[in-house]
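Okay, here's what each chain looks like letter by letter:
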Amino acid sequence: MANQTQSEQLDKVIERLLGPPDAPLSPSDAARPFDVTFAPVTQIIRDLKNLPRPDFKARLKSDLERRAAMATATQTVPEFRATVTPYLSVRDAAAAIEFYKTAFGAIEAAGTRFVQPDGRIGHAEINIGGARIMLADEFPEIGFPSPNTLGGSPVLVHLNVPDVDSVGRQAVAAGATVVRPVADQFYGDRSGHFRDPFGYVWVISTRKETLGVEEMQERFRASTQRAESTKAKPEAVNYLREGFHTITPYLIISGAAQWIDFVKQAFGAEERFRAKRPGAEFIMHAEVKIGDSMVELADANPEYPAMPCTLLLRVDDPDAVFARALQAGATVMQPITDAPYGSRGGTVLDVAGNRLHISTPVGPGLEIFKDFRSVTPHLYAQRPVDLINFLKQAFGGKEVYRAEHPDGSIPHAQVRIGDSIVALAGGHGAYTPIPSTLHLYVADADATYEQALRAGATSIQPPADQPYGERSAGVTDPFGNRWFIATHIRDVQM
């Protein structure tokens, strides 16, 4: 019989102990003496052989089966996550999608555009930097109007980007207008406000610092205190420049010097101021007084092309003034006649293309035209009611008169803004709508500028102090008229 090593003998012992209890021994194993040094190990193996106990195995099995059943039941309940997605109503959704692609790098979600039989987009989806936005054409008939219909939107869309300055320039190049220029904010962002061509204002922002609420509050308090401490006490000056009224027509025309000579001869105008462009004979700014009213003017240039306008001139003797206007170079648009609404007058086209209605009130016209000054600006619009509403919302205008035909057209209306009257009508025939430029004096140029933007205007330039003693801003209204909003803050020798 070959001798076995201790390791081999231990393997035989373990095999015997863990094997079936009735397994027979081989003759050689039965004849081999038991090594007593394995006794402790043998006892441990014998104790472990019957573990785990039957009651523990039954309990473990039951517990595992119960957990498996619960896991299976949980998986049958669908997971729910609340999401909030902006849904924009726009006028011309197809154009809006293209704008958002160009301005913000939007991607239209494939297969989401639904076009109705009338051509309007009933639903579409875009993705901007991982955020989904739904949009559709406006459907005012079912209570889904766009900002164009409402005159603005109270909703701002906040867009976080890596570089707000770059994206802001990109948005403006695509057609957006600046509402608030990009600047560092006390709460750690650098941001600006931009109005898209469809009436929504986007707050484009880049996070520069992550601040706690207490630190933001402290920064806000400190910035407010600095602003108050550095704020110069306003001079005791009238926000209306001396000699001006709330509204002054501003003519952007070709041949400004020739026009000044024309109104001197035709209407006895008095030239008050003239400044030429440096190095040129063109007039940069001029002011003339006709009767009790001021008119400002400048030569057209590439930035501000010619925009002839319509002016109503109230005179004592319309026949004589009409004749002088023709002698000075004007042409007849409508000859002198007595109008049924209470005035005598006619209309000429002056040397710069402006339409001048020369008249005097008679009979019932004394009441209708009682608040007209020597010069009253006249605006024409395809939608005169919308223009009236804009003047109310943007500049606090008050409608004081309206004549309306049975078909709903408006031949004449008047809106008071401050101490001035703006006349307006729906354009037709020879009197097609042409945009005008007006100078508007207000007590707070900044507040009025913001109010005009909310009413649907777009920015020409944000408020800023000017060297000629005014704080001014510029907007274009939804009808193409330009308004230069100003507050006179100090007297400057001109």
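Numbering of residues starts from 1 in each chain and follows the order in which that chain's sequence is written. Residues qualify for local features only when their pLDDT is at least 70, as the model is predicted, and side-chain atom pairs are given and counted only at 80 or more; totals for whole chains, interfaces and linings, by contrast, use all residues. For the side-chain quantities, the full set of heavy atoms in the structure was used; hydrogens and water were omitted.

Asks: When you look at the overall build of the chain in this model, what are you seeing that I'm missing?
Replies: Helix and strand definitions here come from DSSP, where helices need a minimum of 4 consecutive H or I residues and strands a minimum of 2 consecutive E residues; each element is numbered from the N-terminal end. Along the backbone of the chain there are 13 helices and 25 strands. Categorising residues by exposure relies on relative accessible area from a 1.4 Å probe, with only protein chains included: less than 20% of the type maximum marks a residue as buried, more than 50% marks it as exposed, and the intermediate range marks it as partly exposed. Taken across its 494 residues, the chain has 41% of its residues classed as buried. Of the contacts made within the chain by residues no fewer than 6 positions apart, 58% connect residues no fewer than 24 positions apart. If you sum the accessible surface of the chain, you get close to 27100 Å²; carbon and sulfur atoms cover 56% of it. Any pair of residues with heavy atoms lying within 4.5 Å of one another is described as a contacting pair. Per-residue and other accessible areas follow the Shrake-Rupley method at a 1.4 Å probe size, with only the shown protein chains counted as cover for residues.

Asks: Sorry, what's going on with the pairing of strand 7 (residues 177–184) here?
Replies: For a regular strand, side chains alternate in direction, first toward one face of the sheet and then toward the other. Of the pairings in the sheet, the one linking strand 7 to strand 8 (residues 189–195) comprises five bridges and is antiparallel in character. Note on strand 8: the bridge partner recorded for Arg-180 is His-193. Joining the antiparallel neighbours strand 7 and strand 8 is a turn of four residues, in which Gly-188 adopts a positive phi near 100°. In this description, strands pair whenever DSSP reports at least two bridges between them.

Asks: What is the right way to look at the packing of aromatic side chains in this model?
Replies: Aromatic ring pairs are described here by two measures, namely the spacing of the ring centres and the angle between the planes. Stacked, tilted and edge-to-face are the three classes assigned to paired rings of Phe, Tyr and Trp, where Trp is represented by its six-membered ring and a pair needs centres within 6.5 Å; plane angles under 30 degrees give stacked, over 60 edge-to-face, the rest tilted. Counted under the stated rule, the structure contains 17 aromatic pairs. Aromatic side chains Phe-186 and Tyr-187 sit 5.1 Å apart centroid to centroid with 80° between the ring planes, which places their arrangement in the edge-to-face category. Given a relative accessible area of 32%, Phe-186 falls into the partly exposed group. Residue classification places Tyr-187 among the partly exposed residues on the basis of a relative accessible area of 27%. With a centroid separation of 5.7 Å and 85° between ring planes, the pair formed by Phe-390 and Phe-395 is classed as edge-to-face. A relative accessible area of 3% places Phe-390 in the buried class. Among the aromatic residues, those joined into a ring-pair cluster are Phe-99, Tyr-100, Phe-104, Phe-198 and Trp-202.

Asks: How should the sheet that holds strand 21 (residues 420–426) be read in this particular structure?
Replies: In a beta sheet, neighbouring strands pair by backbone hydrogen bonds and run either parallel or antiparallel. Read from one edge of the open sheet, eight strands run 15-16-17-14-18-21-20-19, paired in mixed fashion. The open sheet terminates on both sides in strands that have one partner only, identified here as strand 15 (331–339) and strand 19 (398–403). In this sheet, neighbouring strand axes are inclined to one another by 20° on average, regardless of whether the strands run parallel or antiparallel. Note that strand 15 and strand 16 (residues 343–349) share six bridges and pair antiparallel. Note that in strand 16 the partner of Thr-337 across the bridge is Gly-345. For helices, the axis comes from a line fit to the C-alpha atoms of the stretch in contact; other axes are also lines fit to C-alpha atoms, and the angle between any two N-to-C directions lies between 0 and 180 degrees.

Asks: What exactly am I supposed to notice about helix 10 (residues 318–327) here?
Replies: Turn by turn, an α-helix covers 3.6 residues, leaving residues three or four places apart pointing in a common direction. Every buried residue of helix 10 is accounted for by Pro-318, Val-321, Phe-322 and Ala-325. Considered in projection along helix 10, the buried side chains sweep an arc of 105° and stay on one side of the axis. Packing partners of the buried residues in helix 10 comprise helix 9 (256–267), strand 15, strand 16 and strand 17 (355–361). Phi turns positive, to about 125°, at Gly-329, one or two residues after helix 10. The arc in question is the one spanned by the directions pointing from the helix axis to the C-beta atoms.

Asks: Looking at this structure, I do not really get the sheet that holds strand 6 (residues 156–160). What am I missing?
Replies: Ordered by their spatial adjacency, four strands build an open sheet running 6-9-8-7, and the pairing between neighbours is mixed. Each edge of the open sheet carries a strand with a single partner, namely strand 6 and strand 7. Each strand axis lies, on average, 15° off the axis of its neighbour in the sheet, ignoring direction. In the sheet, strand 6 pairs with strand 9 (residues 201–207) via five bridges, with the strands oriented parallel. The residue of strand 9 that forms the bridge with His-158 is Val-203. Along the sheet face, helix 13 (residues 445–454) touches strand 7 and strand 8 and points at about 125° away from the line of strand 7.

Asks: I would appreciate a short explanation of the nonpolar core in the present structure.
Replies: A general trend in soluble globular proteins is that nonpolar side chains are found buried together. The term nonpolar core refers to a set of buried residues drawn from Ala, Val, Leu, Ile, Met, Phe, Trp, Tyr and Cys, joined through side-chain atoms within 4.5 Å. Within the largest apolar cluster, 31 residues are counted, with the highest numbers of intra-cluster contacts made by Phe-390, Leu-391, Phe-395 and Trp-483. Those elements giving two or more residues to this core turn out to be strand 18 (375–381), helix 12 (384–395), strand 20 (412–417), strand 21, strand 22 (437–441), helix 13, strand 24 (470–476) and strand 25 (482–488). The leading source of residues in this core is helix 12, at six residues. Once residues lying within four places of it in the same chain are set aside, the contact partners of Phe-395 are Phe-390, Ile-417, Leu-440, Thr-448, Gln-451, Ala-452, Trp-483 and Ile-485. Ranked by size, the runner-up nonpolar core spans 30 residues in total, among them Val-295, Val-315, Phe-322 and Ala-352.

Asks: Even after reading the chapter, I still don't get the environment of Phe-244, so can you show me in this structure?
Replies: Mapped onto the fold, Phe-244 is located in the loop between helix 8 (213–230) and strand 10 (247–253). Sequence-wise, Phe-244 and Tyr-441 are 197 residues apart; in three dimensions their C-alpha atoms are separated by 8.6 Å.

Asks: Mind showing me how you'd approach the pairing of strand 23 (residues 458–465) here?
Replies: Relative to strand 24, strand 23 runs antiparallel, the two sharing five bridges. Residue pairing in the sheet places Gln-461 in a bridge with Gly-474 of strand 24. The hairpin formed by strand 23 and strand 24 contains four residues between the paired strands, and Gly-469 there has a positive phi angle of roughly 95°.

Asks: What exactly am I supposed to notice about a nonpolar patch on the surface here?
Replies: Think of a patch as exposed residues, more than 30% relative accessible area, with no salt bridge, where like charges cluster within 9 Å and nonpolar side chains (Val, Leu, Ile, Met, Phe, Trp, Tyr) cluster within 5 Å. What counts as a salt bridge is simple: a side-chain nitrogen of Lys or Arg found within 4 Å of a carboxyl oxygen of Asp or Glu. On the surface, Phe-56, Leu-60 and Leu-64 cluster together to form a nonpolar patch covering roughly 270 Å² of accessible area. Mapped onto the secondary structure, Leu-64 falls in helix 4 (residues 54–75).

Asks: Got a minute to help me understand the side chain of Asp-299 in this structure?
Replies: Position of Asp-299 relative to the elements: it lies in strand 13 (residues 293–299). Since its relative accessible area comes to 6%, Asp-299 is described here as buried. Within 3.5 Å is the distance limit for a polar contact, defined as a pair of N or O atoms, with the added protein rule that one can donate a hydrogen and the other accept it, and that residues adjacent in sequence qualify only through two side-chain atoms. A polar contact is formed between the side chain of Asp-299 and the backbone nitrogen of Gly-255, at a distance of 3.1 Å. A polar atom in the side chain of Asp-299 sits 2.7 Å from the backbone nitrogen of Ile-283.

Asks: Just checking my understanding: could you explain the pattern of salt bridges for this structure?
Replies: Opposite charge on two side chains makes pairing possible when the charged atoms of those side chains draw close. Following the criterion strictly, the structure yields 31 salt bridges and no others. Its salt-bridge partner being Asp-118, residue Arg-120 comes within 2.8 Å of it at the nearest N-O pair. One salt-bridge network, held together by shared partners, links Glu-98, Lys-101, Glu-108 and Arg-113.

Asks: Mind showing me how you'd approach the packing of helix 12 against helix 13 here?
Replies: Relative placement of two packed helices is described by the angle separating their axes and the distance separating the axes. The contact between helix 12 and helix 13 brings their axes to 7 Å, and the two run at 145°. The hand of the helix 12/helix 13 crossing is right-handed. Residues Phe-390, Gln-393, Ala-394 and Phe-395 of helix 12 form the contact with helix 13, whose participating residues are Thr-448, Gln-451 and Ala-452. For the contact of helix 12 with helix 13, the class distribution of residues is four nonpolar, three polar and no charged. Crossing handedness is read from the near helix: turned anticlockwise from the far helix by less than a right angle, it gives a left-handed crossing, and turned clockwise, a right-handed one. In the scheme used here, Gly and all other residues not listed as nonpolar or charged are polar, with Ala, Val, Leu, Ile, Met, Phe, Trp, Tyr, Cys and Pro taken as nonpolar and Asp, Glu, Lys and Arg as charged.

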